[in-house]
Amino acid sequence: MTDTQTLAPTDFAAARRHMIESQLRPSDVSDPVVIAAMAVTPREDFVPASHRAIAYIDRAVPLAGGRVLNPALSTGLLLTRAELSSDDKVLLIGSGTGYMAALLAGIVSHVVAVEQDRALVEQAGTGLAGLANVTTVESALVEGHAAGAPYSLVIIDGAVEQIPDAIVAQLADGGRLLTGLDEAGVTRLAAGRRQGGAFALVPFADTDIAPLAAFARPKSYTF
C-alpha cells in the first residue's frame, strides 16, 4: 500500500472541480451557493498533512482521536437541504477540524462551532483563522451551546442514535435541525423543524456519515 506521505503533489484546485462534477452535482447537491462555497474552500487544509493527498476521495478521511472528516457528498447534501440564508445563526455540533464551519462562514451570519476533542479544536484554529463570524467552543457535543441560543439552524455533523432535548431546546421556533441518523449501523441524513414544543426528524437521503459516539443510546442489559 502506498504511504500517503510519499504521493506526488496534488493539484487541489483540480481535485475540487472533480469533486463537484463527479461527486456532488450528480447526487442532488444543487444549491449554487453551496457549490460555490465547496469550490473555493480548501478541504485539504482540514485534514492531517499525511492525508492531504486523499482529501477529495469519495469517502471519509481519518482525523485525530478516531474521528473523520465526513465524505464531501454528505456535507453537500446536508448544506443543500438546510436552505441556508445570509441571516442564519448556526450551531454546528461535531465541528472537527472546521471544514463545515468554513463552508458555512461564507454563507450565513454567524457560526458557533462546538467540538469536544481538544486536538481537533486546535487544528481548527489554523483553518478558521481570520473568519470573524465563526466562534469555536470546546464543550461536550451533547450539550450544544445554550449560551448562544436561540439558533435558526443546528447541524450535527455525524450520525446520531438520539438527539438530547437540550439541543432541540436551543432551536428558535421554526428553526431547522439537520443530522445523520444511525439506525442499527445504517446511516441516513435527516431534517426536522421545531414548531412550538414539537420536533421530529424525517430522513431524506441514504449516504455514508460517521457515527458520533457521544449521541449513542445507553446500552441496555438483560439478565
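Our structure is the block above this text.
So, a few notes on the structure that sits alongside this text. (Residues numbered from 1 in each chain as written. Predicted model: local features only at pLDDT ≥ 70, side-chain atom pairs only at ≥ 80, totals over all residues. Heavy atoms only, no water.)

**With respect to the pattern of salt bridges**
Pairing between side chains of opposite charge can happen when the charged atoms of each approach one another.
Next up, step 1: Considering all chains together, one arrives at seven salt bridges under this definition.
Next up, step 2: Residues R25 and E21 are paired through a salt bridge, measuring 3.1 Å at the closest nitrogen-oxygen approach.
Next up, step 3: Judged by relative accessible area, R25 falls into the partly exposed class, the value being 47%. (Salt bridge = Lys/Arg side-chain N within 4 Å of Asp/Glu carboxyl O. Buried < 20%, exposed > 50% of the residue type's maximum accessible area, 1.4 Å probe, protein only.)

**A closer look at the sheet that holds strand β8 (residues 186-193)**
Next up, step 1: Strand order in the open sheet formed by seven strands is β5-β4-β3-β6-β7-β8-β9, with mixed pairing between adjacent strands. With partners counted over all chains shown, the strands left at the sheet margins are β5 (134-138) and β9 (201-206), one partner each. In this sheet, neighbouring strand axes are inclined to one another by 20° on average, regardless of whether the strands run parallel or antiparallel.
Next up, step 2: As defined by bridge partners, strand β3 (residues 89-93) adjoins strand β4 (residues 110-115) across five bridges and the pair is classed as parallel. When the sheet's bridge partners are listed, K89 is paired in β4 with H110.
Next up, step 3: Set on the sheet, helix α3 (residues 72-82) makes contact with β6 (151-160), β7 (171-183), β8 and β9; between it and β7 the angle comes to about 155°. (Pairing = 2+ DSSP bridges. Helix = DSSP H or I, 4+ residues; strand = E, 2+ residues; numbered from the N terminus. Axes fitted to C-alpha atoms, helices over the stretch in contact; angles between N-to-C directions. Contact = heavy atoms within 4.5 Å.)

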